[in-house]
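Take a look at the letters that make up each chain.
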Amino acid sequence: VMTELPLVVVDVQRGGPSTGLPTKTEQSDLSQALYGRNGESPMVVMAAHSPAHCFDAAFTAAKIAMEHMTPVLLLSEGFLGNGSEPWKIPTMSEYPEIKPRLAEADGNKFHPFERDPETLARKWAPAGTPGLEHRVGGLEKTHNGVLSTDAANHEMMVKERAEKVARVAADIPDLVVDGPESGDVLLVGWGGTYGHLRLAMDFMRDHGKKVAFAHFQYINPLPKNTADVLRKYKKIVVAEQNLGQFAGYLRMKIPGLNISQFNQVKGQPFVT
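Residues numbered from 1 in each chain as written. Predicted model: local features only at pLDDT ≥ 70, side-chain atom pairs only at ≥ 80, totals over all residues. Heavy atoms only, no water.

Colleague: Before we move on, could you go through the overall build of the chain and cite the residues and values that matter?
Modeller: Counting its regular elements, the chain contains 7 helices and 10 strands. Relative to a compact globule of 272 residues, whose C-alpha radius of gyration would be 19 Å, the chain shows 21 Å and is just as compact. Principal axes of the C-alpha set define a box for the chain whose edges measure 70 × 45 × 40 Å. Split into buried and exposed, the 272 residues of the chain put 42% on the buried side. Residue pairs in contact within the chain that sit at least 24 positions apart in sequence constitute 71% of those at least 6 positions apart. Within the structure as shown, the chain displays about 14800 Å² of accessible surface, and the carbon and sulfur contribution to it stands at 55%. Treating the 29 positive side-chain charges of the chain as one cloud and the 31 negative ones as another, the clouds have centres 4 Å apart. (Helix = DSSP H or I, 4+ residues; strand = E, 2+ residues; numbered from the N terminus. Rg over C-alpha atoms; globule rule 2.2 N^0.38 Å. Buried < 20%, exposed > 50% of the residue type's maximum accessible area, 1.4 Å probe, protein only. Contact = heavy atoms within 4.5 Å. Areas by Shrake-Rupley, 256 points an atom, 1.4 Å probe, with all protein chains shown as cover. Lys, Arg positive; Asp, Glu negative; His and termini not counted. Charge placed at Lys NZ, Arg CZ, Asp CG, Glu CD.)

Colleague: Help me get a handle on helix H7 (residues 245–253), residues and values and all.
Modeller: When H7 is considered as a whole, its buried residues turn out to be Phe-246, Ala-247, Tyr-249 and Leu-250. Considered in projection along H7, the buried side chains sweep an arc of 160° and stay on one side of the axis. (Arc of directions from axis to C-beta.)

Colleague: So what's going on with the sheet that holds strand E3 (residues 44–47)? Which residues, and what values?
Modeller: Strand order in this open sheet of 5 strands is E2-E1-E4-E3-E8, and the pairing throughout is mixed. Looking at which strands have only one partner, the edges of the open sheet turn out to be strand E2 (21–25) and strand E8 (218–220). Strand-to-strand twist across the sheet, computed as the mean angle between neighbouring axes with direction ignored, equals 40°. Two elements, strand E1 (residues 7–15) and strand E4 (residues 71–77), share 7 bridges in a ladder whose sense is parallel. When the sheet's bridge partners are listed, Val-8 is paired in E4 with Val-72. (Pairing = 2+ DSSP bridges. Axes fitted to C-alpha atoms, helices over the stretch in contact; angles between N-to-C directions.)

Colleague: Summarise the pattern of salt bridges; cite the residues concerned and give the values.
Modeller: Overall, the coordinates contain 13 salt bridges when judged by the stated rule. Connected through shared salt-bridge partners, Glu-4, Arg-115, Arg-122, Glu-160 and Lys-164 make up one network. (Salt bridge = Lys/Arg side-chain N within 4 Å of Asp/Glu carboxyl O.)

Colleague: Could you give an account of the environment of Leu-222, with specific residues and numbers?
Modeller: Here Leu-222 lies in the loop between E8 and helix H6 (226–230). Separated by 176 residues in the primary sequence, Leu-222 and Met-46 have C-alpha atoms spaced 9.4 Å apart. Those residues in contact with Leu-222 that lie beyond four places of it in its chain are Ala-169, Ile-172, Phe-216, Phe-246, Tyr-249, Leu-250 and Lys-253.

Colleague: Tell me about the sheet that holds strand E6 (residues 183–190), and name the residues and values.
Modeller: Read across the sheet, 5 strands follow the order E5-E7-E6-E9-E10 without closing on themselves; strand pairing throughout is mixed. For this open sheet the edge positions go to strand E5 (177–178) and strand E10 (259–263), each flanked by a neighbour on one side alone. As paired strands, E5 and strand E7 (residues 211–216) are joined by 2 bridges and run antiparallel to one another. What sits directly across from Val-177, in E7, is Ala-214. The sheet strands contacting H7 are E6, E7, strand E9 (233–240) and E10, and the helix crosses E9 at an angle near 145°.

Colleague: Could you give an account of the nonpolar core, naming the residues involved and the relevant values?
Modeller: Grouped together as the largest cluster of nonpolar side chains are 29 residues, with contacts concentrated most on Val-188, Ile-219, Leu-230 and Phe-246. Residue assignment for this core shows that the elements contributing at least two residues are helix H1 (30–35), E3, E4, E6, E7, H6, E9 and H7. Element by element, the count of residues in this core is highest for H7, at 4 residues. When neighbours within four sequence positions are excluded, Phe-246 is seen to be in contact with Leu-30, Val-188, Trp-190, Phe-216, Ile-219, Leu-222, Val-238 and Glu-240. (Core = buried A, V, L, I, M, F, W, Y, C linked by side-chain atoms within 4.5 Å.)

Colleague: Hey, could you go over the pairing of E4 for me, with residue numbers and the actual values?
Modeller: Counting buried positions along E4 yields 7 of 7 residues, so the element is predominantly enclosed. In E4, alternate side chains face the same way, and those of Pro-71, Leu-73, Leu-75 and Glu-77 on one face and Val-72, Leu-74 and Ser-76 on the other are all buried. Sheet topology places E3 next to E4; 4 bridges connect them, and they run parallel. Residue pairing for E4: Ala-47 is matched across the bridge by Leu-75.

Colleague: Give me unusual backbone geometry: which residues, what numbers.
Modeller: Each neighbour pair has its own omega, and for Gly-16 with Pro-17 the value is 5°, a cis peptide bond. With respect to the element layout, Pro-17 can be found in the loop between E1 and E2. Asn-220 connects to Pro-221 through a cis peptide bond whose omega is -5°. When you line up the elements, Pro-221 lands in the loop between E8 and H6. Phi is positive for Ser-18, which is not a glycine, with a value near 50°. Within the secondary structure, Ser-18 is located in the loop between E1 and E2.

Distances and angles like these do not, on their own, reveal function.
Encoded structure:
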């Protein structure tokens, strides 16, 4: 995280802690994905929602990692890893181009720690390119690449790295709601519970309940319109296969929401 290099880490969550239920499914690594590092070191966190969606999610994670020069943690689950569904092999020409910001040895002095003013991402210097040699390490530096333990520089760098991750929100789609755009109840989920929660929503609608549904693929940063969307509902029910990690995260990010929880941690998909 501190070296700001592109990397995609895939976490296929199983029943924990550790490998307590190695063949079962769970969503209990979310807090680890968000906070499981020393120091202030936020990462981009995404979640796939179906076996077929794993391909698109992995492509998007790689695109974000390379264009924003940052690690991305992609959450999957045992339910998705062991699942299957019909999937048409895509034509890659239909996918968006991945455009990393590459440094070039053009005779000018290379500044490896210079940031793009829009994304705050640094340029990627291909390894072994003459004229682009520089030193990367875990010790803090100034913008000029000089090792520094200066208090003001450290705080500035910490805030810059956090802001760089936050600006990834400019390249992710808005949160979409299935159902009325405001009302009494919004059902919220993330990751591999998508199909089960969608079925639950359909069941409730068939029985006369007015309920909307929002499912999250992007967790850090959240979609730009998240707060505006969630504040349009009187009650939000967050359903997840842990003891309330995403519900707590939403409470922290968007104070004042009326959030209820539906939690099951059985090593199985949601069951009645």
